[in-house]
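The chain contents come next:
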Amino acid sequence: MAAEGGRAKPTAQSRMENFRKVRTSEEEMPLPFPDLPPDVVEMKVKEGSKIRNLMNFAMAQMELKGRRQIVFSGCGRAVTKTITCVEIMKRKLGGLHQVTKVRYKTVLEVWENQDPPPDSPAQNLTVHKNVPSICILLSRDPLDPNQTGYQPPEHRHEAGEDTSGSSTKGLKRPLPPPCEELLPKKLQVQVSDSPRGSGTTAGQLDH
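Predicted, not measured: the structure shown is a model, and the values here were computed from it. (Residues numbered from 1 in each chain as written. Predicted model: local features only at pLDDT ≥ 70, side-chain atom pairs only at ≥ 80, totals over all residues. Heavy atoms only, no water.)

### As for the overall build of the protein chain
- When helices and strands are tallied, the protein chain shows three helices and ten strands.
- Along the chain direction, N to C, the helices and strands of the protein chain fall in the order β-β-α-β-β-α-β-α-β-β-β-β-β.
- When the 207 residues of the protein chain are sorted by exposure, 30% land in the buried category.
- Once local pairs closer than 6 in sequence are excluded, the contacts in the protein chain between residues at least 24 apart make up 74%.
- For the protein chain, the accessible surface area stands at approximately 13700 Å², while carbon and sulfur atoms represent 51% of it. (Helix = DSSP H or I, 4+ residues; strand = E, 2+ residues; numbered from the N terminus. Buried < 20%, exposed > 50% of the residue type's maximum accessible area, 1.4 Å probe, protein only. Contact = heavy atoms within 4.5 Å. Areas by Shrake-Rupley, 256 points an atom, 1.4 Å probe, with all protein chains shown as cover.)

### Things to note about the pattern of salt bridges
- Counted according to the given criterion, the structure contains ten salt bridges.
- Among the salt bridges present, the one from Arg-68 reaches Asp-141, with a minimum N-O distance of 2.8 Å. Placement of Arg-68 in the loop between α2 (51-64) and β5 (69-75) and of Asp-141 in the loop between β7 (123-139) and β8 (150-151) is noted, with a sequence separation of 73 residues between them.
- For Arg-68, a relative accessible area of 43% gives the class partly exposed. (Salt bridge = Lys/Arg side-chain N within 4 Å of Asp/Glu carboxyl O.)

### A word on the confidence of the model for the protein chain
- Overall, the predicted model of the protein chain reaches an average pLDDT of 78, with 67% of residues at or above 70.
- Mean pLDDT in the protein chain bottoms out at strand β10 (residues 201-205), which sits at 39, and peaks at β5, which reaches 97.
- Note that residues 179-184 has pLDDT below 50 and, in this model, six contacts with residues that lie over four places away or in other chains.
- In this model, residues 195-207 is a region of pLDDT below 50 whose contacts with residues beyond four sequence positions or in other chains number 22 contacts. (pLDDT = per-residue confidence, 0-100.)

### Thoughts on the nonpolar core
- Ranked by size, the top nonpolar core spans 21 residues in total, and within it Met-43, Met-55, Ile-70, Phe-72, Met-89 and Leu-138 carry the most contacts.
- Of all the secondary structure elements, the ones that give two or more residues to this core are β4 (41-44), α2, β5, α3 (79-93) and β7.
- When residues in this core are grouped by element, the largest group, six residues, is from α3.
- Those residues in contact with Met-55 that lie beyond four places of it in its chain are Phe-72, Cys-85, Ile-88 and Met-89.
- Counting nine residues, the second largest nonpolar core, distinct from the first, contains Leu-36, Val-71, Cys-135 and Leu-143. (Core = buried A, V, L, I, M, F, W, Y, C linked by side-chain atoms within 4.5 Å.)

### What about α2?
- For α2, spanning 14 residues, the distance from its first C-alpha to its last is 19 Å, which sits close to the expected 20 Å at 1.5 Å a residue.
- Listing the buried residues of α2 in full gives Leu-54, Met-55, Ala-58, Met-59, Gln-61 and Met-62. Viewed along the axis of α2, the buried residues span an arc of 155°, placing them on a single side of the element. Looking at α2, the residues exposed on the side facing more than 90 degrees away from the buried face are Arg-52, Asn-53, Asn-56, Glu-63 and Leu-64. (Expected span 1.5 Å × (residues − 1). Arc of directions from axis to C-beta.)

### Section: the pairing of β4
- Side chains Val-41 and Met-43 project from β4 onto a buried face, and the interleaved Glu-42 and Lys-44 project onto a face without burial.
- As paired strands, β4 and β5 are joined by four bridges and run parallel to one another. The residue bridging Met-43 from the neighbouring strand is Phe-72, located in β5.
- With α2 bridging β4 and its parallel neighbour β5, the resulting β-α-β unit is right-handed. (Pairing = 2+ DSSP bridges. Right-handed = clockwise from strand over helix to strand, strands pointing away.)

In structure tokens form, the structure reads like this:
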């Protein structure tokens, strides 16, 4: 560790120990599917969402209200839960066409300094994160099989049916590898003094 004037320089980690996350918001982005009906249901899956509650609502929309299409979306740590919800619905309903789109979206976090310097205004740290995001469209109606991310309906095995054969029916079409613009991006950090906002500094950290 580098030292200056006989004292070690504080690391970024030690400085962050005094900050507490007080607010998180996600960038609003249009759904990446063309020709969706204006009243399509989008299930926005969060990290703390309960799968049972999500599926009860989603199944009611598809079975009781006769919806033809539904979208599940989630980002960051909610991606795995989003995929789980989709697989549950496909098993319950069957015959659903699927299109999966992967992209990045910006999540804004606001951190507050819990131990500001004496006689100084409270400092807020604003962090812009680029996190992976997934959107999955499920449809009772056929979709374009040539579009990227398409998966045909899976074959539903009946009780007692021999599944040891080499049939390729219902195999999923693999997703393409992420393109360059989806590679890890930079984490932007901005520190501001509140409430007047004077003395603002900005920088970038490799993410």
